[in-house]
Amino acid sequence: LQLFCTELLFCKLFIIWLLNFTNWMNLSTSTVWSVVKGVIQKDGPLGFYRGWSSTLLREVPGYFFFFGGYELSRTFFASGRPKDELGPIPLLISGGFGGSCLWIAVYPVDCVKSRIQVLSMAGKQTGFMGTFATVVRTEGVLALYSGLKPTMIRAFLANGALFLAYEYSRKLMMKQIDSY
(Lines give C-alpha, C1' and ligand atoms only; values in the text may rest on other atoms or scores of the structure.)
Protein backbone atom coordinates (compact mmCIF):
# COMPACT_ATOMS: atom_id res chain seq x y z
CA LEU A 1 0.00 0.00 0.00
CA GLN A 2 2.82 2.39 0.85
CA LEU A 3 4.53 1.52 -2.43
CA PHE A 4 1.40 2.51 -4.31
CA CYS A 5 1.14 5.94 -2.66
CA THR A 6 4.80 6.73 -3.28
CA GLU A 7 4.46 5.62 -6.89
CA LEU A 8 1.48 7.92 -7.38
CA LEU A 9 3.49 10.83 -5.96
CA PHE A 10 6.46 9.92 -8.18
CA CYS A 11 4.28 9.92 -11.33
CA LYS A 12 2.83 13.32 -10.48
CA LEU A 13 6.21 14.83 -9.53
CA PHE A 14 7.78 13.49 -12.71
CA ILE A 15 5.10 15.11 -14.87
CA ILE A 16 5.54 18.42 -13.02
CA TRP A 17 9.31 18.20 -13.49
CA LEU A 18 8.90 17.32 -17.18
CA LEU A 19 6.54 20.24 -17.80
CA ASN A 20 8.92 22.62 -16.03
CA PHE A 21 11.99 21.17 -17.79
CA THR A 22 10.50 21.54 -21.25
CA ASN A 23 9.22 25.04 -20.43
CA TRP A 24 5.81 23.88 -21.61
CA MET A 25 4.27 24.95 -18.33
CA ASN A 26 5.85 26.49 -15.25
CA LEU A 27 4.49 24.78 -12.17
CA SER A 28 5.87 25.89 -8.84
CA THR A 29 4.31 22.97 -6.93
CA SER A 30 7.19 20.61 -7.46
CA THR A 31 7.84 19.32 -3.95
CA VAL A 32 6.54 16.10 -2.47
CA TRP A 33 4.58 17.98 0.19
CA SER A 34 2.96 20.30 -2.34
CA VAL A 35 1.80 17.30 -4.37
CA VAL A 36 0.52 15.53 -1.22
CA LYS A 37 -1.36 18.68 -0.24
CA GLY A 38 -2.80 19.01 -3.75
CA VAL A 39 -4.02 15.41 -3.81
CA ILE A 40 -5.68 15.79 -0.41
CA GLN A 41 -7.28 19.14 -1.34
CA LYS A 42 -8.57 17.89 -4.68
CA ASP A 43 -9.65 14.32 -3.89
CA GLY A 44 -9.22 13.83 -0.17
CA PRO A 45 -7.28 10.90 1.27
CA LEU A 46 -8.87 8.53 -1.27
CA GLY A 47 -7.04 10.45 -4.02
CA PHE A 48 -3.91 8.50 -3.14
CA TYR A 49 -5.65 5.35 -4.36
CA ARG A 50 -6.21 6.48 -7.96
CA GLY A 51 -5.02 3.64 -10.17
CA TRP A 52 -4.95 1.21 -7.24
CA SER A 53 -6.77 -1.56 -9.11
CA SER A 54 -4.38 -1.10 -12.03
CA THR A 55 -1.43 -1.40 -9.66
CA LEU A 56 -2.82 -4.65 -8.27
CA LEU A 57 -3.43 -5.87 -11.82
CA ARG A 58 0.27 -5.22 -12.46
CA GLU A 59 1.77 -6.43 -9.18
CA VAL A 60 0.04 -9.78 -8.66
CA PRO A 61 0.85 -11.41 -12.00
CA GLY A 62 4.08 -9.41 -12.23
CA TYR A 63 5.58 -10.94 -9.13
CA PHE A 64 4.46 -14.39 -10.25
CA PHE A 65 6.59 -13.93 -13.37
CA PHE A 66 9.37 -12.18 -11.40
CA PHE A 67 9.99 -14.95 -8.89
CA GLY A 68 8.92 -17.70 -11.29
CA GLY A 69 11.42 -16.54 -13.92
CA TYR A 70 14.15 -16.25 -11.30
CA GLU A 71 13.55 -19.75 -9.90
CA LEU A 72 13.18 -21.28 -13.37
CA SER A 73 16.49 -19.77 -14.42
CA ARG A 74 18.23 -20.89 -11.21
CA THR A 75 16.90 -24.42 -11.77
CA PHE A 76 18.24 -24.34 -15.33
CA PHE A 77 21.71 -23.24 -14.18
CA ALA A 78 21.80 -25.69 -11.27
CA SER A 79 20.99 -28.63 -13.59
CA GLY A 80 20.61 -31.16 -10.79
CA ARG A 81 23.01 -29.57 -8.28
CA PRO A 82 21.79 -27.63 -5.24
CA LYS A 83 20.80 -24.07 -6.19
CA ASP A 84 22.78 -22.74 -3.22
CA GLU A 85 26.01 -23.66 -5.04
CA LEU A 86 25.41 -21.29 -7.95
CA GLY A 87 28.09 -18.69 -8.53
CA PRO A 88 27.66 -14.97 -9.10
CA ILE A 89 27.24 -15.05 -12.90
CA PRO A 90 24.31 -17.54 -12.93
CA LEU A 91 22.70 -15.57 -10.07
CA LEU A 92 23.10 -12.28 -11.95
CA ILE A 93 21.62 -13.79 -15.10
CA SER A 94 18.79 -15.46 -13.17
CA GLY A 95 17.89 -12.20 -11.41
CA GLY A 96 18.00 -10.32 -14.70
CA PHE A 97 15.82 -12.96 -16.31
CA GLY A 98 13.27 -12.69 -13.49
CA GLY A 99 13.12 -8.91 -13.80
CA SER A 100 12.75 -9.16 -17.56
CA CYS A 101 9.92 -11.67 -17.19
CA LEU A 102 8.09 -9.28 -14.86
CA TRP A 103 8.25 -6.29 -17.22
CA ILE A 104 7.46 -8.21 -20.40
CA ALA A 105 4.34 -9.57 -18.72
CA VAL A 106 3.03 -6.36 -17.16
CA TYR A 107 4.36 -3.43 -19.19
CA PRO A 108 1.06 -2.61 -20.97
CA VAL A 109 -0.77 -2.62 -17.61
CA ASP A 110 1.91 -0.37 -16.12
CA CYS A 111 1.58 2.02 -19.05
CA VAL A 112 -2.18 2.33 -18.51
CA LYS A 113 -1.72 2.66 -14.72
CA SER A 114 0.75 5.50 -15.14
CA ARG A 115 -1.56 7.30 -17.54
CA ILE A 116 -4.47 6.97 -15.09
CA GLN A 117 -2.34 8.48 -12.34
CA VAL A 118 -1.13 11.33 -14.54
CA LEU A 119 -4.55 12.03 -16.08
CA SER A 120 -6.00 12.34 -12.60
CA MET A 121 -3.94 15.54 -12.30
CA ALA A 122 -6.02 17.07 -15.09
CA GLY A 123 -9.28 15.66 -13.74
CA LYS A 124 -9.63 13.27 -16.68
CA GLN A 125 -10.57 9.88 -15.22
CA THR A 126 -11.94 7.09 -17.36
CA GLY A 127 -10.76 4.07 -15.37
CA PHE A 128 -8.56 1.23 -16.55
CA MET A 129 -10.63 -0.06 -19.46
CA GLY A 130 -11.49 3.44 -20.70
CA THR A 131 -7.85 4.54 -20.59
CA PHE A 132 -6.71 1.29 -22.22
CA ALA A 133 -9.26 1.68 -25.04
CA THR A 134 -8.33 5.33 -25.60
CA VAL A 135 -4.61 4.54 -25.85
CA VAL A 136 -5.17 1.68 -28.29
CA ARG A 137 -7.69 3.65 -30.38
CA THR A 138 -5.72 6.92 -30.60
CA GLU A 139 -2.10 5.74 -30.49
CA GLY A 140 -2.21 2.05 -31.41
CA VAL A 141 -1.18 -1.08 -29.53
CA LEU A 142 2.53 -0.25 -29.76
CA ALA A 143 1.96 2.79 -27.50
CA LEU A 144 1.42 0.30 -24.66
CA TYR A 145 5.06 -0.75 -25.12
CA SER A 146 6.58 2.72 -25.45
CA GLY A 147 9.73 2.81 -23.32
CA LEU A 148 10.02 -0.95 -22.92
CA LYS A 149 13.62 -1.18 -24.19
CA PRO A 150 15.24 1.03 -21.50
CA THR A 151 12.98 -0.58 -18.90
CA MET A 152 14.22 -4.03 -19.90
CA ILE A 153 17.87 -2.94 -19.75
CA ARG A 154 17.36 -1.39 -16.32
CA ALA A 155 15.33 -4.37 -15.10
CA PHE A 156 17.94 -6.89 -16.17
CA LEU A 157 20.83 -5.06 -14.53
CA ALA A 158 18.99 -3.95 -11.38
CA ASN A 159 17.34 -7.28 -10.67
CA GLY A 160 20.50 -9.22 -11.43
CA ALA A 161 22.28 -7.15 -8.79
CA LEU A 162 19.30 -7.41 -6.43
CA PHE A 163 19.18 -11.20 -6.45
CA LEU A 164 22.96 -11.54 -6.30
CA ALA A 165 23.01 -9.32 -3.19
CA TYR A 166 20.05 -11.21 -1.74
CA GLU A 167 21.58 -14.66 -2.20
CA TYR A 168 24.99 -13.70 -0.84
CA SER A 169 23.45 -11.80 2.11
CA ARG A 170 21.24 -14.79 2.87
CA LYS A 171 24.23 -17.15 2.78
CA LEU A 172 26.19 -14.86 5.10
CA MET A 173 23.31 -14.58 7.57
CA MET A 174 22.70 -18.33 7.52
CA LYS A 175 26.38 -18.93 8.34
CA GLN A 176 26.09 -16.52 11.26
CA ILE A 177 22.97 -18.28 12.55
CA ASP A 178 24.52 -21.73 12.13
CA SER A 179 27.61 -20.66 14.08
CA TYR A 180 25.56 -19.98 17.22
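Check the entry above for the structure.
As the structure is a prediction and not an experimental result, all values here were calculated from the model. (Residues numbered from 1 in each chain as written. Predicted model: local features only at pLDDT ≥ 70, side-chain atom pairs only at ≥ 80, totals over all residues. Heavy atoms only, no water.)

A. Structural detail: the packing of helix 4 (residues 88-119) against helix 6 (residues 148-178). Two numbers describe how helix 4 lies on helix 6: the axes approach to 6 Å, and their chain directions differ by 135°. Taken together, the axes of helix 4 and helix 6 are oblique relative to one another. Classified by chirality, the crossing of helix 6 by helix 4 is right-handed. In the contact of helix 4 with helix 6, the residues fall into 16 nonpolar, seven polar and two charged. (Axes fitted to C-alpha atoms, helices over the stretch in contact; angles between N-to-C directions. Helix = DSSP H or I, 4+ residues; strand = E, 2+ residues; numbered from the N terminus. Parallel < 35°, antiparallel > 145°, perpendicular 65-115°, else oblique. Left-handed = near helix turned anticlockwise from the far one by under 90°. Nonpolar A, V, L, I, M, F, W, Y, C, P; charged D, E, K, R; others polar.)

B. Examining the packing of aromatic side chains more closely. Scanning all chains against the criterion turns up 10 aromatic pairs. Summarising the aromatic geometry, the rings of Tyr 63 and Phe 66 are spaced 5.6 Å apart at their centres and angled 80° between planes, so their arrangement reads as edge-to-face. One end of the pair is Tyr 63 and the other is Phe 66, both in helix 3 (residues 52-78) and three residues apart, which spans about a single turn. Take Tyr 63: its relative accessible area is 37%, and that puts it in the partly exposed class. For Phe 66, a relative accessible area of 6% corresponds to the buried category. Three or more aromatic residues link up through ring pairs in this structure, and these residues are Tyr 63, Phe 66, Phe 67, Tyr 70 and Phe 163. (Phe/Tyr/Trp six-rings, centres within 6.5 Å; stacked < 30°, edge-to-face > 60°. Buried < 20%, exposed > 50% of the residue type's maximum accessible area, 1.4 Å probe, protein only.)

C. Region of the structure containing a nonpolar patch on the surface. Nonpolar side chains collect at one region of the surface, where Leu 72, Ile 89, Leu 92, Ile 93, Phe 97, Ile 153, Phe 156 and Leu 157 lie side by side and expose about 730 Å² of accessible area between them. Of all the secondary structure elements, the ones that give two or more residues to the nonpolar patch are helix 4 and helix 6. It is helix 4 that contributes the most residues to the nonpolar patch, four residues altogether. We classify Leu 92 as partly exposed; its relative accessible area is 30%. (Patch = residues over 30% accessible without salt bridge, like charges linked within 9 Å, V, L, I, M, F, W, Y side chains within 5 Å. Areas by Shrake-Rupley, 256 points an atom, 1.4 Å probe, with all protein chains shown as cover. Salt bridge = Lys/Arg side-chain N within 4 Å of Asp/Glu carboxyl O.)

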